[in-house]
Amino acid sequence: MSGTEAQANIGVVGLAVMGSNLARNLASREGNTVAIFNRSHEKTEALVEEHPEAGFLPATSYEEFAATLSKPRTAIIMVKAGAGTDAVIDELVRVFEPGDIIVDGGNALFTDTIRREKAVRETGINFVGAGISGGEEGALNGPSIMPGGSDESWVTLGPILKSIAAVAEGEPCVTHVGHDGAGHFVKMIHNGIEYADMQLIAEAYDLIRKGTGKTPAEIADIFAEWNRGELESYLIEITAEVLRQTDAATGRPLVDVILDQAGAKGTGAWTVQTALDLGVPVSGIAEAVFARSLSSKPAQRAAAADLPGPDETLDIHDADAFVEDVRQALYASKIIAYSQGFDAIVAGAEQYGWDIKKGDIAAIWRGGCIIRAQFLNRITEAYAADPGLVALVTAPYFADAVARTQQAWRRVVVAATEAGIPAPAFASSLAYYDGLRADRLPAALVQGQRDFFGAHTYKRIDREGTFHTLWSGDRSEVEAVDTH
Ligand code: 6PG
């Protein structure tokens, strides 16, 4: 030890925007003293200088950082997810002691978090992967936080994280999600739902614009209005603001001068990859990820631009009625996105042995995070009423909502299809809904095909057992065999 007096109860490593804002948030809360460290010391000095009110304790080395922290030492790593995270963990493990706590607050892939937690645990140090949502503003004023890790670490970490989290209806938006990678898993699903929600909103905008000829500013008013009803959410609110923005250089709506190729940092794709492994149909989320991929293929889009199709003209007689249909289609599709996201959480919890309380997850998403929305309360209520709920969309509140909106949803998908306007997330969510409620699915035929070419066997509706048919051109020779 360097002899420096230990006086900070929490430290932050990595002082880019998210890290600095989180450090400032921590420092602003009663009872916290914050040690800070950054690989290049100029950033640390600049932060101390810009925010004297924070009373930061800057460190120039990992040794000094460790010496500045009271025990159990608790540090949050806020660096870009990837190899950099491993490098910082190695340094902290070197200077920390058993019982101390290392938190990764980045968007790490949950399987990396499981690996890191296992490795760090062997040193006696706690490792916590914590999803933090809310962007720069959330980090500063109150994010939604999804920590995993051990029960032991939660004892120390819980009060600190509660002190900085967003507050929704009097409750801090943080809970101990589950062990090892559970927090980053849930954050990943949050982002998958975020992708779906954003794509659905974008499709709603596109349909209204092409269907009614309204300007972006007029559509901004529609979104602002929707934000006063059951669709009330952060993403609807900011959509109104984005659509209202005028480009200073050209005077045109800003949305019209932004290149229409959506970027992605990977968490949406992780959700879909993970769901594929778990066998969970997150089709709405997948369409949202694919829609961004499609948008970012300029050469293919240019080559396909002259392919035939309707000219995106909608035959709308009553613009208000159409807008209301789109609103209802958006609401119904959004319910499907959440339902699919929670299915993935249930499957992940089962696969990895996490005790995740679905209602608590919905509760901590009510504030601070990107997908915060009014109807998350209804999700918490649905899981409280029936903890074993098999599909969120079947809970009474959501089943009623879909029953009320499904005709409009169908009209919108039909209109989009007829006009040649792509609405992949709307259409896929509806197909999922119809698939889920179908009495009989053509999966029976798929089973027959599989048995035909690969003797993959099938089950029957009228008898127990596993069957294989001896297929032949002559039907009379076809025979079912119980392979048991
Ligand atoms: C959040 C956000 C954030 C995320 C990006 C997604 O919850 O605050 O989910 O963590 O990284 O907003 O970025 P891309 O759209 O670039 O994948």
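Basis of the calculations
Residues numbered from 1 in each chain as written. Predicted model: local features only at pLDDT ≥ 70, side-chain atom pairs only at ≥ 80, totals over all residues. Heavy atoms only, no water. Patch = residues over 30% accessible without salt bridge, like charges linked within 9 Å, V, L, I, M, F, W, Y side chains within 5 Å. Areas by Shrake-Rupley, 256 points an atom, 1.4 Å probe, with all protein chains shown as cover. Salt bridge = Lys/Arg side-chain N within 4 Å of Asp/Glu carboxyl O. Lys, Arg positive; Asp, Glu negative; His and termini not counted. Charge placed at Lys NZ, Arg CZ, Asp CG, Glu CD. Helix = DSSP H or I, 4+ residues; strand = E, 2+ residues; numbered from the N terminus. Buried < 20%, exposed > 50% of the residue type's maximum accessible area, 1.4 Å probe, protein only. Polar contact = N/O pair within 3.5 Å; in protein donor to acceptor, adjacent residues only side chain to side chain. Contact = heavy atoms within 4.5 Å. Near = heavy atom within 4 Å. Pairing = 2+ DSSP bridges. Axes fitted to C-alpha atoms, helices over the stretch in contact; angles between N-to-C directions.

Draft legend 1. Seen up close, a negative patch on the surface. A contiguous patch of negative charge on the surface is contributed by E42, E45, E49 and E50. Mapping E49 onto the fold places it in helix α2 (residues 41-50).

Draft legend 2. Molecular detail of the side chain of R366. Along the polypeptide, R366 turns up in the loop between α16 (358-364) and α17 (376-385). Since its relative accessible area comes to 14%, R366 is described here as buried. Here the side chain of R366 touches A168 through a polar contact of 3.5 Å, landing on its backbone oxygen. Apart from the residues within four sequence positions on either side, R366 is in contact with A168, E169, E171, R372, L376 and N377.

Draft legend 3. How the structure looks around the site of the ligand. Close to the ligand lie 13 residues; S133, K187, E194, Y195 and K265 are nearest. At a separation of 2.6 Å, an oxygen atom of the ligand approaches a polar side-chain atom of E194. Protein contacts shield 80% of the accessible area of the ligand, which totals 410 Å² for the unbound molecule. In terms of residue count, the dominant contributor to the shell around the ligand is helix α8 (residues 182-212) (five residues).

Draft legend 4. Structural view of the pattern of salt bridges. Evaluation of the coordinates by the stated rule reveals 28 salt bridges. With its nearest N and O atoms 3.0 Å apart, the salt bridge here joins E381 to R378. Placement of both E381 and R378 in helix α17 is noted, with a separation of three residues, approximately one turn of the helix. Among the residues examined, E381 registers a relative accessible area of 43% and is labelled partly exposed. Among the residues examined, R378 registers a relative accessible area of 23% and is labelled partly exposed. By sharing partners, the salt bridges in this structure join D86, D104, D112, R115 and R116 into a single network.

Draft legend 5. Geometry of the sheet that holds strand β6 (residues 126-133). Spatially, seven strands are ordered β3-β2-β1-β4-β5-β6-β7 in an open sheet, and the strand pairing comes out mixed. The outermost strands of the open sheet, each flanked by one partner alone, are β3 (57-58) and β7 (144-147). One ladder, built from four bridges, connects strand β1 (residues 10-13) with strand β2 (residues 34-37); its direction is parallel. When the sheet's bridge partners are listed, G11 is paired in β2 with A35. With respect to the sheet, α2 is in contact with β2 and β3, its orientation differing from that of β2 by roughly 145°. In the packing of α8 onto the sheet, contacts are made with β5 (101-104), β6 and β7, and the angle to β6 comes to roughly 15°.

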